[in-house]
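The lines below spell out each chain.
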Amino acid sequence: MAVWRALLRHSAELVKSGSVHAIDATGFDRQGASRHYANRTNYRFKAVKTTALVDCENSLILDIHCSMRQPHDTQIGPQVLEP
């Protein structure tokens, strides 16, 4: 997660950010996850929830949060809004 966030923040510095931002959350089924990773870590999960902070004017992803625990959006929102 830390690497993804660092890359996103660095790429966001290259483009002038707009004044309108939105938070979007979606889930991904386990079917698309790496079976090799699941077998190697002996970790079983059914879905991954992804929450993104998006610049609406540039369609630029400013921050992202991924979780296997399916937290509610109100718990994740403040985390992606913090710099």
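Please refer to the structure higher up on the page.
K.L.:
Sorry, what's going on with the nonpolar core here?
P.N.:
Nonpolar side chains in soluble globular proteins tend to end up buried together. With six residues, the main nonpolar core is built from Ala12, Leu53, Leu60, Leu62, Ile76 and Val80. Elements supplying a minimum of two residues to this core: strand E3 (60-67) and helix H3 (73-81). Other than its neighbours up to four places away in sequence, Ile76 contacts Thr51, His65 and Pro71.

K.L.:
How do you make sense of the side chain of Asp55 when you look at a structure like this?
P.N.:
Along the polypeptide, Asp55 turns up in strand E2 (residues 47-55). This buried residue, Asp55, is left without a salt bridge; Lys16 holds the nearest opposite charge, at 10.0 Å. Within the structure, the side chain of Asp55 is placed 2.6 Å from the backbone nitrogen of Gly18, a separation counted as a polar contact. Apart from residues no more than four positions distant in its own chain, Asp55 is found in contact with Lys16, Ser17, Gly18, Val20, His21, Leu60 and Leu62.

K.L.:
Is there a simple way to explain the pattern of salt bridges in this structure?
P.N.:
It is possible for side chains bearing opposite charge to pair when their charged atoms get close. Inspection of the entire model under this criterion finds one salt bridge. The salt bridge partner of Arg9 is Asp63, with a shortest N-O separation of 3.1 Å. In this pair, Arg9 sits in helix H1 (residues 2-13) while Asp63 sits in strand E3, placing the two residues 54 residues apart along the sequence. A residue is classified by how much of its surface remains accessible, and Arg9, at 32% relative accessible area, is partly exposed.

K.L.:
Please explain unusual backbone geometry as it appears in this structure.
P.N.:
Only a minority of non-glycine residues have a phi that is not negative, and only a minority of peptide bonds are not trans. Phi at Ser59 takes a positive value of approximately 55 degrees, unusual for a residue other than glycine. Take Ser59: it is sitting in the loop between E2 and E3.

K.L.:
Teacher, can you tell me more about the sheet that holds strand E1 (residues 21-29) here?
P.N.:
Strands in a sheet are paired, the pairing made by backbone hydrogen bonds, and the direction either parallel or antiparallel. An order of E1-E2-E3 is seen for the three strands of this open sheet, with the pairing classed as antiparallel. Unpaired on one side and paired on the other, E1 and E3 mark the two borders of the sheet. When the angles between neighbouring strand axes are averaged without regard to direction, this sheet yields 20 degrees. Across seven bridges, E2 lies against E3 in antiparallel orientation. Bridge pairing in E3 places Leu53 opposite Asp63. The sheet contacts of H3 involve E1, E2 and E3, and relative to E3 the element is tilted by about 135 degrees.

What counts and how
- Residues numbered from 1 in each chain as written.
- Predicted model: local features only at pLDDT ≥ 70, side-chain atom pairs only at ≥ 80, totals over all residues.
- Heavy atoms only, no water.
- Core = buried A, V, L, I, M, F, W, Y, C linked by side-chain atoms within 4.5 Å.
- Buried < 20%, exposed > 50% of the residue type's maximum accessible area, 1.4 Å probe, protein only.
- Helix = DSSP H or I, 4+ residues; strand = E, 2+ residues; numbered from the N terminus.
- Contact = heavy atoms within 4.5 Å.
- Lys, Arg positive; Asp, Glu negative; His and termini not counted.
- Salt bridge = Lys/Arg side-chain N within 4 Å of Asp/Glu carboxyl O.
- Polar contact = N/O pair within 3.5 Å; in protein donor to acceptor, adjacent residues only side chain to side chain.
- Pairing = 2+ DSSP bridges.
- Axes fitted to C-alpha atoms, helices over the stretch in contact; angles between N-to-C directions.

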